Amino acid sequence: MPTKTFLNLQKNKQDTIIDASLKEFKRVLIKDASINKIIKDANISRGSFYTYFTDINDLYLYSINSYKKDLMKLIQNTLIETNGNLIESAKLAYDKIIDFCEKDKQLFKNIFLNFNYNISLRNEIYYTSIENKYEIIEIISKIKTKDLNIKNEEELFIIIDMISSFVIHGLIEIFLDNKSKDIIKEKINKQLEILKRGIHKED
């Protein structure tokens, strides 16, 4: 998280720093990112950088999380459109998430590639658990849980993690493996239908 010093900056100054960071994170992976390039583009000193952020990983998380918030809002809106139907919402969200990511394709490609180099950053960005449920509390409130065969909140989070895994893996196949959006959509829809149906036959 940025320091209070950064948060007290005027918004246009904050935006300049974040824009410079995203430019660099689009250019290279986090392991190759240059603080010097960022501070040059943002027109700040190296000393100022360290009064705003602990290190480049700290800046990366803050910069990328702005996209995460937008995605959370997108998912929340699809739940509203589907009247809280979790499975149908996930299907609808697929196309919207693809369109969202394609607006800045190279940046998202690098985000996925960064998964290979820093697992902690990956978990900070995408992992959903009981411990950080405050991040998706608005989403949970829109899910029609009475239609789900779950025993408690923990099982709801497990289902959300499963659906997230389907979608994230599909995005990786599209942006890194150059697979067809339609083929991946078909696969994700099948995964969601199997999850909805369950795999155990009743006697």
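Rules of the game
Residues numbered from 1 in each chain as written. Predicted model: local features only at pLDDT ≥ 70, side-chain atom pairs only at ≥ 80, totals over all residues. Heavy atoms only, no water. Axes fitted to C-alpha atoms, helices over the stretch in contact; angles between N-to-C directions. Helix = DSSP H or I, 4+ residues; strand = E, 2+ residues; numbered from the N terminus. Parallel < 35°, antiparallel > 145°, perpendicular 65-115°, else oblique. Contact = heavy atoms within 4.5 Å. Nonpolar A, V, L, I, M, F, W, Y, C, P; charged D, E, K, R; others polar. Left-handed = near helix turned anticlockwise from the far one by under 90°. Expected span 1.5 Å × (residues − 1). Buried < 20%, exposed > 50% of the residue type's maximum accessible area, 1.4 Å probe, protein only. Arc of directions from axis to C-beta. Polar contact = N/O pair within 3.5 Å; in protein donor to acceptor, adjacent residues only side chain to side chain. 1 Å grid on protein atoms, 1.4 Å probe; cavity = no way out; pocket = protein on both sides within 12 Å on 5 of 7 lines; lining within 4 Å. Points joined across faces, edges and corners; volume = space filled by probe spheres on them. Salt bridge = Lys/Arg side-chain N within 4 Å of Asp/Glu carboxyl O.

> Just checking my understanding: could you explain the packing of helix H2 (residues 11–27) against helix H5 (residues 56–81) for this structure?
Axis separation between H2 and H5 bottoms out at 10 Å; the angle between their running directions is 100°. By the angle between their directions, the pair H2 and H5 is classed as roughly perpendicular. Contacts from Gln14, Ile18, Ser21, Leu22 and Phe25 in H2 reach Ile56, Leu59, Tyr60, Tyr62, Ser63, Ile64 and Tyr67 in H5. Taken together, the residues that form the contact of H2 with H5 break down as nine nonpolar, three polar and no charged.

> Honestly, the packing of helix H10 (residues 153–175) against helix H11 (residues 181–197) in this entry has me stumped. Any pointers?
Packed helices, taken two at a time, are described by their axes: the angle between them and the distance between them. Between H10 and H11, the shortest axis-to-axis distance is 10 Å and the interhelical angle comes to 165°. Relative to H11, the element H10 lies roughly antiparallel. Seen along the crossing, H10 lies across H11 with a hand that is right-handed. Contacts between H10 and H11 involve Ile159, Met162, Ile163, Phe166, Val167, His169, Gly170, Glu173 and Ile174 on the former and, on the latter, Lys181, Ile184, Lys187, Ile188, Gln191, Leu192 and Leu195.

> What should I look at first to understand H2 in this one?
Residues spaced three or four apart along an α-helix point in a common direction, a consequence of the helix completing one turn every 3.6 residues. An ideal rise of 1.5 Å per residue puts 24 Å on 17 residues; H2 measures up with 24 Å between its terminal C-alpha atoms. Among the residues of H2, Gln14, Ile17, Ile18, Ala20, Ser21, Leu22, Glu24 and Phe25 are the ones counted as buried. Turning to H2, the residues buried within the fold contact helix H1 (4–7), helix H3 (35–42), helix H4 (46–52), H5 and helix H7 (105–114).

> Explain H11 here, please?
Counted at 1.5 Å a residue, the expected span for H11 with its 17 residues is 24 Å, and the 24 Å between its end C-alpha atoms agrees. Of all the positions in H11, only Ile184, Ile188 and Leu192 are classed as buried. Looking straight down H11, one finds that the buried residues subtend no more than 75° of arc, so they occupy a single side. Turned more than 90 degrees from where H11 packs its buried face, Asp182, Ile183 and Arg197 sit exposed. Against helix H6 (86–102) and H10 lie the buried residues of H11. Between the side-chain oxygen at the start of H11 and the backbone nitrogen of aspartate 182 there is a gap of 3.2 Å, and the oxygen is on serine 180.

> What is the right way to read the layout of surface pockets from this model?
Over the atoms a probe the size of a water molecule is rolled, and this reveals where empty space is left. Roughly 550 Å³ of internal volume is contained in the largest pocket. Lining the largest pocket are 22 residues, and of these Leu148, Asn149, Ile159, Leu195 and Lys196 lie nearest its centre. Looking at the lining of the largest pocket, its residues break down into nine nonpolar, seven polar and six charged.

> Teacher, can you tell me more about the pattern of salt bridges here?
Once their charged atoms are close, side chains differing in charge can pair, the charge on each being opposite to the other. For the structure shown, the criterion picks out 14 salt bridges. Two residues, lysine 11 and aspartate 15, come together in a salt bridge whose shortest N-O distance is 2.8 Å. Highlighted residues: lysine 11 and aspartate 15, both in helix H2, separated by four residues, approximately one helical turn. Overall, lysine 11 belongs to the exposed group, its relative accessible area being 59%. For aspartate 15, a relative accessible area of 29% translates into the label partly exposed. Here the residues in one salt-bridge network are Glu88, Lys91 and Glu193, joined through shared partners.

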